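Breakdown of the fold
Listed below are the residues making up each chain.
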Amino acid sequence: MGVLERDPIVSSSNNQKMVVVSISPQSRASIAARFNLPITDTAQRLTTFFKNLGVDYVFDTTFSRNFSLIESQREFVQRFRQHKDDNKVLPMLASACPGWICYAEKTHGSYIIPYISTTKSPQQVMGSLVKDFFAKQQNVMPDQIYHVTVMPCYDKKLEASREDFFSEEFQTRDVDCVITSGEVLKMLEQEGLSLVNVDPVPLDAMFSNDAEDEVVGHSGGGSGGYLEHIFKYASKELFGIEVHEITYKILRNKDFQEVTLEQDGNVLLRFALAYGFRNIQNLVQKLKRGKLTYHFVEVMACPSGCLNGGGQIRAEESMSSKDVLQQVEELYTTVKVQTPEVNQSIKQLYKQWLGSTDCTKTLKMLHTQYHAVEKLNSALNIKW
């Protein structure tokens, strides 16, 4: 299927294709922690490693996450304004975690689907970018590119295999192969390499021919910062209130936290993050009983979020899992943060690639749909 663990990056079946690898910032932080390297240095050494394997381009999915954040912001504001006429548009539930999406579709089906954001995850936005915009830039057809992503989560393999992300026209997936952070470590070991001994090279840039000097990121935590970015954008767009600092209130545990916007004693916005299935199950039950008071929830299946994903590099015997996670989190936050709305490349791409922010192509490239359990069962593997 092209997304299984054993799929090679370069093989006899795809060696005539242009090979592109897109690396998630969470995976990069995990690999940096294992080799005790700075983030940008790790990105540059990984670029060398993959190119020595025959890869043509190595990109950073932080670039595609700009689109995910911007589209999520706009979608929330639109839903908030529709809420009086349709009570199934809020709370908006984040959609970047495939483990959560799979659970929602199979366990709660058509009841929960209307609440889930339609915005694609950064992995799948990157798939659209690579197989559409970048392919045209390179004057090749989408099926002439073999696109590999490096992710912190095994469920990203399931996400890539969804029918929704397969082009009937070109008979190709947006993402052909997903490998985890831990699998990258195994690849290095198989080559007899330590990343420390790999020479760094300049990073590839998606939009221009100029190489990036350093890695950039987004504020708001290791799962992408959806809550923070949507909260700040909605506060300004809906109520004219500038929010510079987010204050989190820990509720039942550190994986369930709340953020509110208040004015004159009234709560204008109430957001939450819910990580781990225990919190997700409580969230869904409250929603079903009509007792969920949030406007938006950042939902992630893994406790502590994506930096603690199941595909991340596990602790060595000399360290505890807690210490490794802390090191990964600290490294993740060392990069320079950038607000998606001020990224000039993103602004240009909205015009050059999509034509505008409100058109059919934007919906096709940056949004998706979900499927209730009865559809998933109509064929054994039609969706996953």
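Above this note sits the structure.
Let me begin by describing the structure that accompanies this report.

1. Details of the packing of helix 3 (residues 62-82) against helix 5 (residues 122-137)
Here helix 3 crosses helix 5 at 105 degrees, and the two axes come no closer than 8 Å. Taken together, the axes of helix 3 and helix 5 are roughly perpendicular relative to one another. Residues F63, S64, R65, F67 and S68 of helix 3 form the contact with helix 5, whose own contacting residues are P122, V125, M126 and L129. Residues belonging to the contact of helix 3 with helix 5 are distributed by class as follows: six nonpolar, two polar and one charged.

2. Some remarks on helix 8 (residues 226-239)
Taking 1.5 Å as the rise per residue, helix 8 with 14 residues should run 20 Å; its terminal C-alpha atoms sit 19 Å apart, in good agreement. Positioned one or two residues after helix 8, G240 has a phi angle of 70 degrees, which is positive.

3. Description of the layout of surface pockets
For the largest pocket, the calculated volume is near 730 Å³. Lining the largest pocket are 36 residues, and of these G221, G222, S304, L307 and E329 sit closest to its centre. When residues of the lining of the largest pocket are assigned to their parent elements, the largest contribution, six residues, is made by helix 10 (residues 321-332). Considering only residue class, the lining of the largest pocket consists of 14 nonpolar, 14 polar and eight charged.

4. Some words on the sheet that holds strand 4 (residues 145-151)
Taken together, four strands build an open sheet; the order of strands is 2-1-4-7 and the sheet is parallel. The two strands at the open ends of the sheet, each matched to only one other strand, are strand 2 (57-60) and strand 7 (177-180). Averaged over all neighbouring strand pairs, the angle between strand axes comes to 25 degrees, with direction disregarded. Relative to strand 2, strand 1 (residues 18-23) runs parallel, the two sharing four bridges. Looking across to strand 2, one finds that I23 is bridged to D60. Strands strand 4 and strand 7 of the sheet are contacted by helix 7 (residues 181-190), whose axis makes an angle of about 80 degrees with strand 7.

5. Brief notes about the side chain of H147
Tracing the backbone through its elements, the reader meets H147 in strand 4. Only 2.9 Å separates the side chain of H147 from the backbone oxygen of D174, close enough to count as a polar contact. If near-sequence neighbours (up to four positions away) are discounted, H147 is found in contact with V20, S22, M126, G127, V130, K131, D174, V175, D176 and C177.

6. Describing the pairing of strand 12 (residues 296-300)
Judged by how many residues are buried, strand 12 sits mostly within the fold: five of five residues are covered. What you see with strand 12 is no split at all: F296, E298 and M300 on one side and V297 and V299 on the other are buried throughout. Where strand 3 (residues 92-93) and strand 12 come together, two bridges link them in parallel fashion. Looking at strand 12, one finds that L93 is bridged to V297. Here strand 11 (residues 266-275) pairs with strand 12 via five bridges, running parallel.

7. Description of the sheet that holds strand 9 (residues 249-253)
Hydrogen bonds between backbone atoms are what pair the strands of a sheet, whose relative direction is either parallel or antiparallel. The five strands lie next to each other as 3-12-11-10-9, forming an open sheet whose pairing is mixed. In the strand order of this sheet, the two ends are held by strand 3 and strand 9, each with one partner. Most of the contacts of helix 8 go to strand 11, to which it runs at about 165 degrees, and overall it touches strand 3, strand 10 (256-263), strand 11 and strand 12.

Criteria and cut-off values
- Residues numbered from 1 in each chain as written.
- Predicted model: local features only at pLDDT ≥ 70, side-chain atom pairs only at ≥ 80, totals over all residues.
- Heavy atoms only, no water.
- Axes fitted to C-alpha atoms, helices over the stretch in contact; angles between N-to-C directions.
- Helix = DSSP H or I, 4+ residues; strand = E, 2+ residues; numbered from the N terminus.
- Parallel < 35°, antiparallel > 145°, perpendicular 65-115°, else oblique.
- Contact = heavy atoms within 4.5 Å.
- Nonpolar A, V, L, I, M, F, W, Y, C, P; charged D, E, K, R; others polar.
- Expected span 1.5 Å × (residues − 1).
- 1 Å grid on protein atoms, 1.4 Å probe; cavity = no way out; pocket = protein on both sides within 12 Å on 5 of 7 lines; lining within 4 Å.
- Points joined across faces, edges and corners; volume = space filled by probe spheres on them.
- Pairing = 2+ DSSP bridges.
- Polar contact = N/O pair within 3.5 Å; in protein donor to acceptor, adjacent residues only side chain to side chain.
- Buried < 20%, exposed > 50% of the residue type's maximum accessible area, 1.4 Å probe, protein only.

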